[in-house]
Amino acid sequence: MNKIKWKGFLLTTSDSEIEVIHDTLTYDWGQKVFRFYDYDKHIVEVSESIQGVFNRLYAQGLSLPKIAERFGDPLEIVKERYSIS
């Protein structure tokens, strides 16, 4: 049985026709993603929104400069994009 669980999302299947391509990966900037094949063998990607990544990192106590560094964006852009003064 395949089971991938994130806060607010759960994929569980014992159907042998659903093939998980890989378990959850975390990109350098903190975004979580996984992929699987649907019944027609199309790749389906499920990933966190960038807003969700920002919220999670900020809630974990990462400073705005560190978040900007991970995102590869200037600090001012991060402040503007996420309405932080």
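Before reading further, recall that the structure is shown in the block above.
Residues numbered from 1 in each chain as written. Predicted model: local features only at pLDDT ≥ 70, side-chain atom pairs only at ≥ 80, totals over all residues. Heavy atoms only, no water.

**What to know about the packing of helix α1 (residues 50-59) against helix α2 (residues 64-71)**
Between α1 and α2, whose axes approach to 10 Å, the crossing angle comes to 140°. Our pair here, α1 against α2, has a crossing hand that is right-handed. Between α1 and α2, the residues in contact are I50, V53, F54, L57 and Y58 and L64, I67, R70 and F71, respectively. Looking at the contact of α1 with α2, its residues break down into 8 nonpolar, no polar and 1 charged. (Axes fitted to C-alpha atoms, helices over the stretch in contact; angles between N-to-C directions. Helix = DSSP H or I, 4+ residues; strand = E, 2+ residues; numbered from the N terminus. Left-handed = near helix turned anticlockwise from the far one by under 90°. Contact = heavy atoms within 4.5 Å. Nonpolar A, V, L, I, M, F, W, Y, C, P; charged D, E, K, R; others polar.)

**What about the sheet that holds strand β3 (residues 19-26)?**
With antiparallel pairing, 3 strands are arranged side by side in an open sheet as β3-β4-β5. Each edge of the open sheet carries a strand with a single partner, namely β3 and β5 (43-47). For this sheet the average axis-to-axis angle between neighbouring strands, irrespective of direction, equals 15°. With 5 bridges connecting them, β3 and strand β4 (residues 32-37) associate as antiparallel partners. (Pairing = 2+ DSSP bridges.)

**Focus on the nonpolar core**
Residues V53, F54, L57, L64, I67, A68, F71, V78 and Y82 constitute the largest nonpolar core, which totals 9 residues. For this core, the elements supplying multiple residues, two or more each, are α1 and α2. For this core, the element with the most residues is α2, which contributes 4 residues. In contact with A68, other than residues within four places in its own chain, are D73, P74, L75 and V78. (Core = buried A, V, L, I, M, F, W, Y, C linked by side-chain atoms within 4.5 Å. Buried < 20%, exposed > 50% of the residue type's maximum accessible area, 1.4 Å probe, protein only.)

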